[in-house]
There are 4 protein chains.
Amino acid sequence: MPIDFAVDENTARFAERVREFVRDVVIPEEQACDGVLHDGPEPLRQRLQRAARDAGVFAPHVAPRWGGAGLDLRGQAVVFEAAGYSLLGPLALNIAAPDEGNMHLLAEVADERQQHRYLAPLAAGEIRSCFAMTEPAPGAGSDPRALATTAVRVPGGWRIDGRKWFISGADGAAFAICMARTSGVPGDAGGATMFLVDAGNPGLKIVRNITTLDEGLFGGHSEVLFDGCVVGDDAVLGEVDRGFAYAQVRLGPARLTHCMRWLGVARRARDVALDRAAVRSAFGRPLDELGMVQQLIADSEIDIEAARALLWRACWELDQGRPGAQETSIAKTFVSEVVHRVVDRAVQICGALGISADAPLSRLYREVRPFRIYDGPSETHRWAIARRASKARAALR
Amino acid sequence: MPIDFAVDENTARFAERVREFVRDVVIPEEQACDGVLHDGPEPLRQRLQRAARDAGVFAPHVAPRWGGAGLDLRGQAVVFEAAGYSLLGPLALNIAAPDEGNMHLLAEVADERQQHRYLAPLAAGEIRSCFAMTEPAPGAGSDPRALATTAVRVPGGWRIDGRKWFISGADGAAFAICMARTSGVPGDAGGATMFLVDAGNPGLKIVRNITTLDEGLFGGHSEVLFDGCVVGDDAVLGEVDRGFAYAQVRLGPARLTHCMRWLGVARRARDVALDRAAVRSAFGRPLDELGMVQQLIADSEIDIEAARALLWRACWELDQGRPGAQETSIAKTFVSEVVHRVVDRAVQICGALGISADAPLSRLYREVRPFRIYDGPSETHRWAIARRASKARAALR
Amino acid sequence: MPIDFAVDENTARFAERVREFVRDVVIPEEQACDGVLHDGPEPLRQRLQRAARDAGVFAPHVAPRWGGAGLDLRGQAVVFEAAGYSLLGPLALNIAAPDEGNMHLLAEVADERQQHRYLAPLAAGEIRSCFAMTEPAPGAGSDPRALATTAVRVPGGWRIDGRKWFISGADGAAFAICMARTSGVPGDAGGATMFLVDAGNPGLKIVRNITTLDEGLFGGHSEVLFDGCVVGDDAVLGEVDRGFAYAQVRLGPARLTHCMRWLGVARRARDVALDRAAVRSAFGRPLDELGMVQQLIADSEIDIEAARALLWRACWELDQGRPGAQETSIAKTFVSEVVHRVVDRAVQICGALGISADAPLSRLYREVRPFRIYDGPSETHRWAIARRASKARAALR
Amino acid sequence: MPIDFAVDENTARFAERVREFVRDVVIPEEQACDGVLHDGPEPLRQRLQRAARDAGVFAPHVAPRWGGAGLDLRGQAVVFEAAGYSLLGPLALNIAAPDEGNMHLLAEVADERQQHRYLAPLAAGEIRSCFAMTEPAPGAGSDPRALATTAVRVPGGWRIDGRKWFISGADGAAFAICMARTSGVPGDAGGATMFLVDAGNPGLKIVRNITTLDEGLFGGHSEVLFDGCVVGDDAVLGEVDRGFAYAQVRLGPARLTHCMRWLGVARRARDVALDRAAVRSAFGRPLDELGMVQQLIADSEIDIEAARALLWRACWELDQGRPGAQETSIAKTFVSEVVHRVVDRAVQICGALGISADAPLSRLYREVRPFRIYDGPSETHRWAIARRASKARAALR
């Protein structure tokens, strides 16, 4: 099979529908909430998801069995980028974080009963979920092995204790997937287990919603306390002590789907800037005929194309059933930095307008910054990329 | 006189008082308003300015005749940086934009009567002011000669008509200094006049307060309409048709005082990051012992030192009574980009904390972005810098 | 057909043969000439090409009819990168500039007779050629339309007059493809014609060989004078006045094959640095465990992967029969800058060794710099990229 | 004493003489040697130094007692930059590395007898010298404590054994200052001693002259072997075991004088590019009116001004008698990177001319690259800068 950059027809048609849907239905809704979703506006979510279902673009990533289109990662790359053109797009298609990643995880790891109970309503947009892994220092952060939350055996189940923060979508979630240590001590490479914890559990408390630079994630980011939180044996997701392995199952693709959505954001910013540069003049010429502005425009074109190519490359790798750890790290690091640069350039091209709420750019500017930190900061990825490169080279010597 | 980087004793002592004042009085006030000053919290302003007066650090830039310490620009560079360490510091010392620049302009250009009426209470912090120059496209923006607001002769005075936006501090200001075209057409290099317009004038209307990425400027940025706004002959600041020249009188130093204050912001971000990097560990070592973090730290050290050196250089130039246009453009461009980079690196070092409101960084991140656009976008300055360099070289050929 | 990054088996096997050939045969020859090919060492060229023929890796890009493997651009991308791992590799495979591009041009545009006379021996490595387009200022440079060399009708043919420079491989070439203006004036978008000029023509003079930073191109770069150079009608390549269009036929793929070869250079530099970083220690640890070095390593990994992905993307575009002007410009600009950065980082990692001739890096460092200028400087490409982006966006408004 | 950027009159006049001397005498000599000094052309050196003496600009850094002008570091900063405008300038003024640094070291550390024997003829340009510290891996490189060369007591003196490389100016030097370990083992922070070794010593052998990217240092860089090299007690420079401390005495100022000379190179490259951009057109306009070229020009202006300001800052610090380790590291790191960027941009602006020997840029491009490695690679300096910043901040907590 030769190198091929063609998008298959089915995906291309799906993406075209998404593009129209975003343009005609989603973007007009943006003004209502100004891109702020941290307080979890349920009516908006339901309205958008109903419209997406009507437009035939709902849940493209989910297996047909659960009502989706079953696109592989390459197909998702094309469609999610189209959806990400509006900050509300992923919410509408039910492909926003963390639900999208949780659906993937449940599809891969959950048993039949758990899938019916959790995956089915999640895929249908009836409920929301969260993924409780990150902890305040000195717990699990850029180094997941520092996991400090514990789960100990109690009769008929487990008792979970620990503090989590930056748990996206926790406020309003019907259930949490909680990562807790069932053996070993913080710093050990193994010993983690995933638990499904229902929102009603008295041992699960939302301490506060954290104010952050970004405000576009539905339900925001919460600090969550597991305080003597008792769950049954049926709450174990997959097998005991295999949590870190499952986290990789979730995180690899989740990093890429993040990239897809954010690439849509970059394209949006680019288009806003191009539209502005065509009509705004300085020194007697349209901005887009001034060399320094052309340099900003060209750099963003190059950045976006390179980001997409790396992203597709990583998706292809995972679609072949390979782990693709290096490709995923490279794509995540590069795309997250590209998205920031593209939005920053768009702001600069638009000048005062770019930093005012009269254009969507200042909102996008706030939203994209954390992406260089979420899902592994660039430094952690670079460290891993360098180590793998050194190892790969050593194997050839 | 040899090259000398020593700060004179008087300034050094003043700066030390400011540092203590910021640490002990100003920073504890930050939480109250979370750095948001766009809605112009008067009680806070008055409380802070009273405290600054008590601490002997009020209005360091104003001539002793008007109650200040009469520091030259080099002295201001040292003191304003110390004040800028908190976003509230400049407000407390009455050295925030746009009042600080307006005081300078009035001291240079206003007649005795105007100085008593406008400068005296402004220097005392009794009133606030604004500077109404920037216009929506296609008016005066990065190219000031595009000025479209007009002032035409009427019996006993002038009638001003035009729309301004991004007029900082307009909401609540006791008077505006309005730039209007009294001869020529938009695009002409001359023909502007400055007018002092009192807040009560029925022809002066605040249309709206613009929502912007930054929120730390007292009173925010407004859209302002001059609609058949009639003023007397005594409202003319300086001479008719010399407005562009006066704008340079104001803008040169104002660019530098902006740099001074923002350099304080950069130092604050740097310190927050260093404090975090000393106590947060990853992979078994404190962050500040990890090479990639050390690179971020070192790059910010270099950036800050270079920014300060260029800033002092430009201040010295202006203190010698020279225009220093090239030095000012260079300092403004470089410092504004340094400040952005330093805050961005600090956010990255602090990770999730850096983008949450638990640390001041996400606030600073929002505040500093517009600085690469305000007071002339980097592109306009680079264009001017290149032209001057080409001309200077041609003169030697 | 879905997005696919797999290399087809035939190409993969060919590339593997090339890798072995470069490692076992070509690299050992490097010391002999220290990478310097400007003086055109014929015995080395013949020895290498014979060895390549023996290894079954000669002329992979040429149609089977002329003795090659007929790889499309995607196949060339894989194979040329493998060959580029040594500066001598492309020479050995007969895929070095400018011959490789000339073969492509002749295959596309020359008539049967011309192909037998020029293409056949060129493809067989029996002769060499050059492409005479670039002129000293104010002639054809980054703006080809400035073409000043003229060809005027004389009985039975044409007389060519003009000065060319940076004509790679001219010294020792059996023929030149000369670009001359047959109608219009410098600055016009059309009016150029290509002529085949034999080396023996008394009107074709090599004025001098230009000393340049790079020294790895066989035969170097010459200044060439067409001085009353008379050729017959059969010297016209393709049709009169269509020279600019043919230049695009040549330049598009030629830019990409340049990128392929240089990507091999980047990989070589990367490997040299990784090998060094594994054995050299500082402060008690191998270099490749120090964070700042890891950052250099990771950045080069990301750069190389992104460069290759963009390159393949552009090759695919051209293989579909589309012009791919935007994709080609993007790939050329990005790859040329990546190659520079990767070599520069490798030099830095290797320290004093990196700048000495004990390692190949200082040679590579010199060779890669001009690539950001040759084949259109980055600024010209960025200008074109921006204009196309603006136009594409305008078409959607 | 207030912040002051004025150059005192005496220095300004000296610098003006140097500028004229470089323009009228030195630059015309450039063509003769094409900037290549590695083979140590003695007649050229003597001719230039005689001319410098005639012009009253010889040895500005040396104390009047030894025939110089006794400029402090700030004065040297101004004068050396003027001399560095040509690669031959420092040679002419006898302020080239390594002699200039050795003169400083001898003036500070040598006893009266040693000064008469070594410093006097060195300052007069009668002889040359070298500084033998750097060793091949795993010896003293970016980490000087790895010093492996040993000196052991023998009757009446010491026997030195060890291998050095990158010993600049060794070929033709009348004496070497050799750094050898007199106590402890490689890795220890102390235990080094400096020895004065005459060229005739049979234990001192020049193994080879290393081919390097740069070729502009008089005499080049040699690999040197100390092989049972016996010296008397009077060969000890300063005190036994204090060599590392003396190295700092030499290296601090030597880093800055390097920066001064290289800043002259940057200015030269800048001027060549400005001259070219004024006369070369593209797309119908002079290059210096094209936005992207203006950006290159402006960035170099900013870079040069920032580099000079940081350099002066560090010089002032050392002139106050303070160690200035942080200021020196910051200046060295920043200036070395600026010089590279400025030359690189100049090459890009000049296009094909920039990489040919028809302009001096390709020579400068080769010369400046090693400066990011010599005198401590940027990474080592950044590591030190970060550590000092962390410590300084910790002291305030």
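Just so you know, these numbers come straight off a predicted model, no measurement behind them.

## As for the interface of chain D and chain A
Facing the five residues of chain D at the interface are five residues of chain A. Looking at the side of chain D that touches chain A, its residues break down into two nonpolar, three polar and no charged.

## A look at the interface of chain B and chain D
Bring the parts together and some accessible area is lost; that lost area is often taken as the interface size. Across the boundary between the two partners, chain B contributes 39 residues, which contact 39 residues of chain D. Mapped onto the side of chain B that touches chain D, the elements with two or more residues apiece are helix H7 (243–279), helix H8 (291–319), helix H9 (325–350) and helix H12 (378–396) of chain B. It is H8 of chain B that contributes the most residues to the side of chain B that touches chain D, 13 residues altogether. When the residues that make up the side of chain B that touches chain D are grouped by side-chain class, the tally is 23 nonpolar, four polar and twelve charged.

## Considerations on helix H8 (residues 291–319) of chain D
Residue and element names in this part refer to chain D. In this model H8 runs 42 Å from its N-terminal to its C-terminal C-alpha over 29 residues, within 8% of the 42 Å that 1.5 Å per residue would give. Taken across its 29 residues, H8 has 27 buried, putting it largely inside the fold. At the exit of H8 stands Gly 321, carrying a positive phi of roughly 85°.

## Some words on the relation of the copies chain D and chain A
Rotating chain D by 180° and translating it 0.0 Å along the rotation axis places it on chain A, where the RMSD comes to 0.0 Å. In symmetry terms, the pair is related by a two-fold rotation axis. For chain D, the residue whose C-alpha comes nearest the rotation axis is Gly 291 of chain D, separated from it by 1.9 Å.

## Considerations on the UniProt feature "domain: Acyl-CoA dehydrogenase/oxidase C-terminal" (unreviewed entry) in chain A
Mapped onto this numbering, the UniProt entry gives "domain: Acyl-CoA dehydrogenase/oxidase C-terminal" (unreviewed entry) at residues 241–389 of chain A. Helix and strand shares over residues 241–389 of chain A are 78% and 3% respectively, and the end C-alpha atoms of the span are 29 Å apart.

## Description of the domain arrangement of chain A
Residue and element names in this part refer to chain A. By the assigned domains, chain A splits into domain 1 (9–96), domain 2 (129–241) and domain 3 (244–396). A separation of 20 Å is found between the C-alpha centroids of domain 1 and domain 3. In this assembly, 17 residues from domain 1 lie in contact with 21 residues from domain 3. Mapped by element, the contributors of at least two residues to the side of domain 1 that touches domain 3 are helix H3 (73–83) and helix H4 (89–93). The leading source of residues in the side of domain 1 that touches domain 3 is H3, at eight residues. Tallied by class, residues from the side of domain 1 that touches domain 3 come to eight nonpolar, four polar and five charged.

## Let's talk about helix H1 (residues 9–33) of chain D
Residues and elements named next belong to chain D. Across its 25 residues, H1 extends 35 Å between first and last C-alpha, which sits within 8% of the 36 Å expected from 1.5 Å per residue. The largest bend along H1 reaches roughly 40° and is located at Val 22. Those residues of H1 lying buried are Thr 11, Phe 14, Ala 15, Val 18, Phe 21, Val 22, Val 25 and Val 26. In this structure, the buried residues of H1 make contact with helix H2 (42–54), helix H3 (73–83) and helix H4 (89–93). Looking one or two residues past H1, Asp 34 carries a phi angle of roughly 55°, positive in sign.

## Focus: the relation of the copies chain B and chain D
Expressed as a screw transformation, the operator carrying chain B onto chain D has a rotation angle of 180° and an axial translation of 0.0 Å, and the superposed copies differ by an RMSD of 0.0 Å. The residues that chain B uses at the interface reappear at the interface of chain D in 100% of cases, marking a shared surface.

## Looking at the UniProt feature "domain: Acyl-CoA dehydrogenase/oxidase N-terminal" (unreviewed entry) in chain A
On the UniProt side, "domain: Acyl-CoA dehydrogenase/oxidase N-terminal" (unreviewed entry) is annotated at positions that read residues 10–126 of chain A here. As annotated, residues 10–126 of chain A has a helix share of 65% and a strand share of 0%, and its two end C-alpha atoms lie 27 Å apart.

## As for the environment of Ala 314 of chain B
Residues and elements named next belong to chain B. By secondary structure assignment, the location of Ala 314 is in helix H8. Of the residues examined, Ala 314 has 31 C-beta atoms within 10 Å and is grouped as buried. Taking the C-alpha atoms as reference points, Ala 314 and Arg 393, 79 residues apart in sequence, are found 20 Å from one another.

## Here's the deal with the environment of Gly 203 of chain C
Residue and element names in this part refer to chain C. Considering the arrangement of structural elements, one finds Gly 203 in the loop between strand S5 (192–198) and strand S6 (204–210). Spatially, the C-alpha atom of Gly 203 lies 6.7 Å from that of Val 230, the residues being 27 residues apart in sequence. Not counting the four nearest positions on each side in its chain, Gly 203 is found in contact with Ile 160, Phe 226, Asp 227, Gly 228, Cys 229 and Val 230.

## Here we look at the packing of helix H8 (residues 291–319) of chain C against helix H9 (residues 325–350) of chain C
Residues and elements named next belong to chain C. Viewed as axis vectors pointing N to C, H8 and H9 meet at an angle of 155°, and their least axial separation amounts to 9 Å. In terms of axis orientation, H8 runs roughly antiparallel to H9. Viewed along their axes, H8 and H9 form a crossing whose handedness is left-handed. For the pair H8 and H9, the contacting residues are Val 293, Leu 296, Asp 299, Ser 300, Asp 303, Ile 304, Ala 307, Leu 310, Leu 311, Arg 313, Ala 314 and Glu 317 in the first and Glu 327, Thr 328, Ile 330, Ala 331, Phe 334, Val 335, Val 338, Arg 341, Val 342, Arg 345, Gln 348 and Ile 349 in the second. Looking at side-chain class alone, the contact of H8 with H9 contains 14 nonpolar, three polar and seven charged residues.

Rules and cut-offs
- Residues numbered from 1 in each chain as written.
- Chains lettered and ligands numbered in written order.
- Predicted model: local features only at pLDDT ≥ 70, side-chain atom pairs only at ≥ 80, totals over all residues.
- Contact = placed C-beta atoms within 7 Å.
- Nonpolar A, V, L, I, M, F, W, Y, C, P; charged D, E, K, R; others polar.
- Helix = DSSP H or I, 4+ residues; strand = E, 2+ residues; numbered from the N terminus.
- Expected span 1.5 Å × (residues − 1).
- Buried ≥ 20, exposed ≤ 12 C-beta atoms within 10 Å, placed from the backbone.
- Least-squares fit on C-alpha atoms with pLDDT ≥ 70 in both.
- UniProt positions renumbered as here; feature names shortened; annotations may be inferred.
- Domains from an automatic or database assignment.
- Bend = angle between axes of the 7 residues up to and from the residue.
- Axes fitted to C-alpha atoms, helices over the stretch in contact; angles between N-to-C directions.
- Parallel < 35°, antiparallel > 145°, perpendicular 65-115°, else oblique.
- Left-handed = near helix turned anticlockwise from the far one by under 90°.

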